[in-house]
Amino acid sequence: MALVPCQVLRVAILLSYCSILCNYKAIEMPSHQTYGGSWKFLTFIDLVIQAVFFGICVLTDLSSLLTRGSGNQEQERQLKKLISLRDWMLAVLAFPVGVFVVAVFWIIYAYDREMIYPKLLDNFIPGWLNHGMHTTVLPFILIEMRTSHHAYPSRNSGLAAICTFSVGYILWVCWVHHVTGMWVYPFLEHIGPGARIIFFGSTTILMNFLYLLGEVLNSYIWDTQRMPLSWQGMEINFIYMGPSS
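This text gives an overview of the structure that appears in the document. None of these values were measured; they are calculated from a predicted model. (Residues numbered from 1 in each chain as written. Predicted model: local features only at pLDDT ≥ 70, side-chain atom pairs only at ≥ 80, totals over all residues. Heavy atoms only, no water.)

Focus: the side chain of Thr204
Link 1 in the chain: Take Thr204: it is sitting in helix H8 (residues 193-221).
Link 2 in the chain: According to the relative accessible area criterion, Thr204 is buried, its value standing at 14%.
Link 3 in the chain: Other than its neighbours up to four places away in sequence, Thr204 contacts Cys163, Ser166 and Ile170. (Helix = DSSP H or I, 4+ residues; strand = E, 2+ residues; numbered from the N terminus. Buried < 20%, exposed > 50% of the residue type's maximum accessible area, 1.4 Å probe, protein only. Contact = heavy atoms within 4.5 Å.)

Given below as structure tokens:
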């Protein structure tokens, strides 16, 4: 059977995110020219998070390859710091924010696409790019979680970090509205102040739930009591890609 090393897969995912970001930034949309530019959209912020995360994954793989067998304790300490940063990013940002973007976008899109992604955007954003921003994020992050063990931070510090991110983004959205008089997302124009408070509070709760979901999923996948002995203490370095010719 044909196998692809997960290190190669990470490079491919990183390149795909770079391509998506470049294509997205090349689009001349009116919203990109207004206050906040692309940075007012959580989708764009998530793409940057995913690209940075997989960049750190690739850098970790390269450092691991260069450090292996060297016996240099300083290099090994730096590698451990890099691995810790990689694991923190997946736990606190890449998984919860990525899953949030995919889930919330498609739920609102299915209910009424004009509330989240007006049909007018089809004239600017091709279908493949829309899926690159709002669909493939989920399988990519699940593949990463499945192929490598990630050590989660303490629950309190992890929840505090994701709450800080969530509240920070909500404040940023409110500030953009304060400056421009326009809400970043069309559906916020059609609900009252009370409903907006409930929505913002619900999104923060959902972010916390997704953090806990990632923690549980990571523990389930890498439960050493259930794993075969040959897998314990090891990362899965290959992904099955079908029978070889």
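Let's pick the thread back up.
Description of the pattern of salt bridges
Link 1 in the chain: Tallied over the entire structure, the rule returns 5 salt bridges.
Link 2 in the chain: The closest approach of N and O atoms between Asp87 and Arg86, which form a salt bridge, is 3.1 Å.
Link 3 in the chain: Classification of Asp87 as buried rests on a relative accessible area of 5%.
Link 4 in the chain: Salt-bridge contacts for Arg113 lead to Asp122; the nearest nitrogen and oxygen are separated by 3.1 Å.
Link 5 in the chain: Each member of the salt-bridge network shares a partner with another, and the members are Arg10, Asp61 and Glu144. (Salt bridge = Lys/Arg side-chain N within 4 Å of Asp/Glu carboxyl O.)

Some thoughts on the packing of helix H1 (residues 6-26) against helix H5 (residues 127-134)
Link 1 in the chain: It is the contact of H1 with H5, at a shortest axis distance of 10 Å, that shows an interaxial angle of 125 degrees. In this view, H1 runs oblique relative to H5, as classed from their interaxial angle. For the pair H1 and H5, the sense of crossing is left-handed. Contacts from Ile20, Asn23 and Tyr24 in H1 reach Trp128, Leu129, Gly132 and Met133 in H5.
Link 2 in the chain: Split into classes, the residues belonging to the contact of H1 with H5 amount to 5 nonpolar, 2 polar and no charged. (Axes fitted to C-alpha atoms, helices over the stretch in contact; angles between N-to-C directions. Parallel < 35°, antiparallel > 145°, perpendicular 65-115°, else oblique. Left-handed = near helix turned anticlockwise from the far one by under 90°. Nonpolar A, V, L, I, M, F, W, Y, C, P; charged D, E, K, R; others polar.)

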